Amino acid sequence: MEVDESKMRRASTRIRTIGHDAAAYLDKEKATLDFGSQGNEGFGTVQALKACVDKLHNAATRLAQDSRETGDNISRAADNHRANENAQKQAMENNLRDLTTLRIP
């Protein structure tokens, strides 16, 4: 089976980046909101917005973890494919060598 290892690795990197970028952005926004909402704890709207941002931040953190894991799995699959291809190539070379040195009585 033909597999383009470089495409797999690029896809792996992109998938990891998606989650990382989302988490990094929401880390910054959450910190800004937390700082800006200090002293406004009595306002229901501020508390609702804070709860919403907290949920979004948690979701982005999970996305980052999942995308990192998915990216790692794709990289691992590319490594395994390469190892499998190398093992099959070596087995074919061994078989060919055995066939060429085969002596028929």
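Along each chain, residues carry numbers from 1 onward, in the same order as the chain's sequence is written. Since the coordinates come from a predicted model, pLDDT governs what is reported: local features require at least 70, and pairs of side-chain atoms require 80 or more to be given and counted, while whole-chain, interface and lining totals use all residues. Neither water nor hydrogens contribute to the side-chain values; these are computed over all heavy atoms in the structure.

Quick look at the pattern of salt bridges now. By salt bridge we mean one thing: a side-chain nitrogen of Lys or Arg within 4 Å of a carboxyl oxygen of Asp or Glu. Summed over all chains, the structure comprises 8 salt bridges. A salt bridge links Arg9 to Glu5; the nearest nitrogen and oxygen atoms lie 3.2 Å apart. Here Arg9 pairs with Glu5, and both are found in helix H1 (residues 5-36), just 4 residues apart, close to one helical turn. Residue class for Arg9 comes out partly exposed when judged on its relative accessible area of 28%. Of the charged contacts, one joins Asp79 and Arg9 as a salt bridge, the two residues approaching to 2.4 Å between their closest N and O atoms. By the criteria applied, helices consist of DSSP H or I runs no shorter than four residues and strands consist of E runs no shorter than two, each listed in order from the N terminus. Buried, partly exposed and exposed residues are distinguished by accessible area as a fraction of the type maximum, computed with a 1.4 Å probe on protein chains only: under 20%, between the cut-offs, and over 50%, respectively.

Our next topic: the packing of H1 against helix H2 (residues 44-100). Axis definition: a line fitted to C-alpha atoms, over the contacting stretch in the case of helices. Angles run 0 to 180 degrees between N-to-C directions. In contact at an axis separation of 8 Å, H1 and H2 are set at 165° when each is read in the N-to-C sense. The angle between H1 and H2 places the two elements in the roughly antiparallel class. You can see that H1 and H2 cross each other, and the crossing is left-handed. Think of it as three bins: nonpolar holds Ala, Val, Leu, Ile, Met, Phe, Trp, Tyr, Cys and Pro, charged holds Asp, Glu, Lys and Arg, and polar takes everything else, Gly as well. Across the contact of H1 with H2, the residue classes break down as 15 nonpolar, 8 polar and 12 charged. When an angle is under 35 degrees it counts as roughly parallel; over 145 it counts as roughly antiparallel; between 65 and 115 it counts as roughly perpendicular; any other value is oblique. Two helices that cross are described as forming a left-handed crossing if the nearer one is turned anticlockwise from the farther one by less than a right angle, and a right-handed crossing if clockwise.

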